[in-house]
Amino acid sequence: DNAQIYTDSWRCSVRYLLELLGDNTDNIYNYEFDVVEYELNKNLLWGSFLPSCWNVTCHGIDVWYLFNTDYWTQFDEYTNETLAITQTMQTLWSNFAKYLNPNGNGDNDDIIWPQYTNSDDMTNYLDFEGYNEYNKKSTFEDDRTDICSFWNKVGYSGMY
């Protein structure tokens, strides 16, 4: 559907940019945000504007988690799991701003965000998936090689 096409085009364009960097990847950290909270998406975030985003992770939703405020905690759809993801993201992003490393000065053992590397269809990134299940492993097989090959051939100029 349209949401998946847009998400793949965005994901592949980021991957393409990272590949163009080659070995110049100091202080680069990549992540994938794949969290679906149906009631939250339906009732608070997307509403009738984008019903195709109720049961999938649409581009941009990570920004809501990163910058959400106490205002949202008054709603039943906002859960403790949502708060945990928000707090984790805020800590990691703050650490990157302070230290150029989301892991801080090495004092954060809860979640380790690996520095980006890319070789032989293996992409190193932090995976936000489900509730409190992020970073079960740091390196994931790239299952979008064919899809991204298509987008690389089509090109990305004028897409956004």
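The text that follows walks through the structure, step by step, so that each part is easy to find.

In this section: the side chain of T82. Looking at where T82 falls in the secondary structure, it is placed in helix α4 (residues 80–99). Within the local environment of T82, its side chain forms a polar contact with the side chain of E37, the two groups lying 2.6 Å apart. Non-local contacts of T82, meaning those with residues more than four positions away in its chain, are made with E37, L40, W64, Y65 and E77.

Applying the stated criterion across every chain yields a total of two disulfides. Through a disulfide, C12 is tied to C148; the S-S separation comes to 2.1 Å. Every disulfide takes its handedness from the sign of the S-S torsion; for C12 and C148 that torsion is -80°, giving left-handed. Residue C12 is located in helix α1 (residues 2–21), and its partner C148 is located in helix α5 (residues 145–154); the two are separated by 136 residues in the primary sequence. Each member of the pair, C12 as well as C148, is classed as buried. Ordinal numbering of bonded cysteines along the chain defines a disulfide pattern of 1-4, 2-3.

This paragraph deals with the packing of aromatic side chains. In the structure shown here, the tally under the stated rule is nine aromatic pairs. Both rings, one in W64 and one in Y65, keep their centres 5.0 Å apart while their planes meet at 90°; by these two values the pair is edge-to-face. The exposure classification of W64 matches that of Y65, with both residues buried. A centroid spacing of 5.4 Å and a plane angle of 70° characterise the contact between F150 and W151, whose relative ring orientation is edge-to-face. By relative accessible area, F150 is classed as partly exposed at 48%.

Under the defined criterion, the tally for this structure stands at three salt bridges. Between D8 and R11 there is a salt bridge, and its shortest N-O distance comes to 3.1 Å. Here D8 pairs with R11, and both are found in helix α1, just three residues apart, close to one helical turn. Among the ionic pairs, R15 bridges to E19, the shortest N-O distance being 3.1 Å. Taken together, the positions of R15 and E19, both in helix α1 and four residues apart, correspond to about one turn of that helix. By sharing partners, the salt bridges in this structure join D8, R11 and E32 into a single network.

So, on to unusual backbone geometry. Apart from glycine, the bulk of residues carry a negative phi angle, and the bulk of peptide bonds sit in the trans form. Look at L100: it is not a glycine, yet its phi comes out positive at around 60°. Along the chain, L100 turns up in the loop between α4 and β2 (118–119). Residue L100 is classed as partly exposed on the basis of its relative accessible area, which comes to 45%.

Before going further, it helps to spend a moment on helix α2 (residues 38–45). For α2, the complete set of buried residues consists of L40, N41 and L44. Down the axis of α2, the buried set is contained in an arc of 110°. They therefore lie on one face. Summarising the contacts, the buried residues of α2 are in contact with α3 (61–67) and α4. G47, located one to two residues past α2, shows a positive phi value of around 55°.

One recurring pattern in soluble globular proteins is that nonpolar side chains are buried together. Residues F33, Y65, M89 and F128 are the most contacted members of the largest nonpolar core, which totals 22 residues. Looking at this core, the elements that each hand over two or more residues are α2, α3, α4 and β4 (126–129). Counting residues per element, this core draws most heavily on α3, which supplies four residues. When sequence neighbours within four positions are dropped, the list of residues in contact with F33 reads T57, I61, D62, Y65, I85, M89 and F128.

Scoring rules and cut-offs
Residues numbered from 1 in each chain as written. Predicted model: local features only at pLDDT ≥ 70, side-chain atom pairs only at ≥ 80, totals over all residues. Heavy atoms only, no water. Helix = DSSP H or I, 4+ residues; strand = E, 2+ residues; numbered from the N terminus. Polar contact = N/O pair within 3.5 Å; in protein donor to acceptor, adjacent residues only side chain to side chain. Contact = heavy atoms within 4.5 Å. Disulfide = S-S within 2.5 Å. Buried < 20%, exposed > 50% of the residue type's maximum accessible area, 1.4 Å probe, protein only. Phe/Tyr/Trp six-rings, centres within 6.5 Å; stacked < 30°, edge-to-face > 60°. Salt bridge = Lys/Arg side-chain N within 4 Å of Asp/Glu carboxyl O. Arc of directions from axis to C-beta. Core = buried A, V, L, I, M, F, W, Y, C linked by side-chain atoms within 4.5 Å.

That is the geometry; function is a separate question.
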